[in-house]
Amino acid sequence: MGEDKVDTRPAVTVSPAATVQPAVPAARPRSLSQQLLPAVHGLLARPLSSYYLLLASSGLLLLIGLTMVFSATSVKAYAEDGSAFSAVRNQLIFAVLGLVGFWVCQRLPAGTMRFLGKYVLVGAVVLLAVLDLLRAMLAVGVVDPVPGTEIVKLGPLSADLLWLYLGPIGVQPSEIAKIGVVLWGADIIARKGAALGHWRELAMPLFPVIGLLFVLVGYNDLGTMLVLLSLVIGLLWAAGVRMRVFAALGVLGLSGIGLLIAAASRGAGSGAVGEENYRLARITVLFKPIEDCHSDFCYQMVQGRSAIYEGGWFGVGLGKGALKWNWLPAAENDFIYAVVAEELGVVGCAVILALFAVLAYTGFRIARRVDDPFRRLAATGITTWLVAQAVINIGGVVGLLPITGLPLPFISTGGSALVVTLAAIGILASFARAEPDAARALHARPPARWVRLLWAPLPPLPPPRRPVKSRPPVR
């Protein structure tokens, strides 16, 4: 029998310390960005985040606007009326009317908006035609203006450049045209659907009506016509129209802008026959050095840049700006962003830009998340309108774009502009509540009955999600 082999290998003694696992290195503390990004993502993932972002950004812009209007007008109002609050009081009244418009539009269903769109547009076209007719009669000498002014009167009607008055009641028809184009254009494009791929369906009736509107608006107000052009481009982009259409629109739009610029020499807008073309001059001054520019068209641009220079990073202080004391023309309207730059500095300007960026992100987010084509198109149109108008106004103040006389949304004075802007935000708020996730969340936990009666009704519940069929595994 074989003998057992004896293991002659030396015994190895293992130290207890050798059995201990190596220590796990301490985790590094998370950076601020790593902590904030998940939190921001979680907030944006909530069902009603679009709605609250919209209310927060527009509400802060309105509050800043009322504050800056008071700052820009208080000295002049006290000198003229004996009260520093006379100008901001009117703005507060229009803000209240705008909030009523916001409340009404937030409660309207999409079907009602589609029905009212054509009537709003027809009303705007009629008012614009009357306004242009009165201005044209003044240009050819049929009627004479009120002595010392440019106001044209014909019976109870009177026209003051962009404003049309019926007795004491005044309205700016071009502002109504913006919301009319949004509702009517979104309804027309949504009805046509896939047929927009054909030129005939795309052109009728959209292009003739838009062309007429461009002429009626651009005769007096080239800046608002550019906003309408941006709005229409936004609608067509959201509809998925082919790029060749945008190329054709670009050629037609540039041709129309050239004709409207030339028309200023024949009395269009605030121009006069035989005088310098003010629209062309506002473009040419952009290419002249400041020291070589001595015309009246340079004065406002120079004063606006002076306000920005004086403000620096943090401004001279709210209410302490000096250029608004009749040094900066239209300080409370077209150039209120320069007042912000002087009194609040680069920081204040950056806050306003950030709020407009949030508003733009929220509007396009709503357009991306809603299911109804009309809501998607209208949300894109409203957002494009507000962003384009802000870009044109701020670009003119800082000297990157020609001065067009457009107000800065929410910030500048102007009754019709503020009321229509807040009504458009109400439409966006209605769409934000109609997002599928938001509507399901509101129906799952509905607010109290009195809240629905006083604030907004429940949005329509979207159809249930279809179950995703799983494919059999491939063998």
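Per an unreviewed UniProt entry, the protein chain goes by the name Probable peptidoglycan glycosyltransferase FtsW and belongs to Actinoplanes auranticolor. Entered under Sequence similarities (unreviewed entry) in the UniProt record, the comment concerning the protein chain runs "Belongs to the SEDS family. FtsW subfamily." Taken from UniProt, the Subcellular location (unreviewed entry) comment for the protein chain reads in full: "Membrane".

**Q** Which parts of the structure should I look at to understand the packing of helix α4 (residues 110–139) against helix α5 (residues 173–192)?
**A** A pair of packed helices is captured by two measures, namely the crossing angle of their axes and the spacing between those axes. Where α4 contacts α5, the two axes come as close as 7 Å, and the packing angle between them is 140°. Of the possible angle classes, the one that applies to α4 and α5 is oblique. For the element pair α4 and α5, the recorded crossing hand is left-handed. On the side of α4, the interface is formed by Met113, Arg114, Gly117, Lys118, Val120, Leu121, Ala124, Leu127, Leu128 and Leu131, while α5 contributes Pro173, Ser174, Ile176, Ala177, Ile179, Gly180, Val181, Leu183, Trp184, Asp187, Ala190 and Arg191.

**Q** How should I be thinking about the environment of Arg107 in this particular structure?
**A** Locating Arg107 in the fold gives a position in helix α3 (residues 86–107). Accessibility expressed as a relative area gives 26% for Arg107, which makes it partly exposed. Considered as a pair, Arg107 and Arg452 are 345 residues apart in the sequence and their alpha carbons are 9.6 Å apart. Setting aside its immediate chain neighbours within four residues, Arg107 contacts Arg452, Leu453, Leu454, Trp455, Ala456 and Pro457. A distance of 3.2 Å separates the side chain of Arg107 from the backbone oxygen of Arg452, its partner in a polar contact.

Criteria and thresholds
Residues numbered from 1 in each chain as written. Predicted model: local features only at pLDDT ≥ 70, side-chain atom pairs only at ≥ 80, totals over all residues. Heavy atoms only, no water. UniProt positions renumbered as here; feature names shortened; annotations may be inferred. Axes fitted to C-alpha atoms, helices over the stretch in contact; angles between N-to-C directions. Helix = DSSP H or I, 4+ residues; strand = E, 2+ residues; numbered from the N terminus. Parallel < 35°, antiparallel > 145°, perpendicular 65-115°, else oblique. Left-handed = near helix turned anticlockwise from the far one by under 90°. Contact = heavy atoms within 4.5 Å. Buried < 20%, exposed > 50% of the residue type's maximum accessible area, 1.4 Å probe, protein only. Polar contact = N/O pair within 3.5 Å; in protein donor to acceptor, adjacent residues only side chain to side chain.

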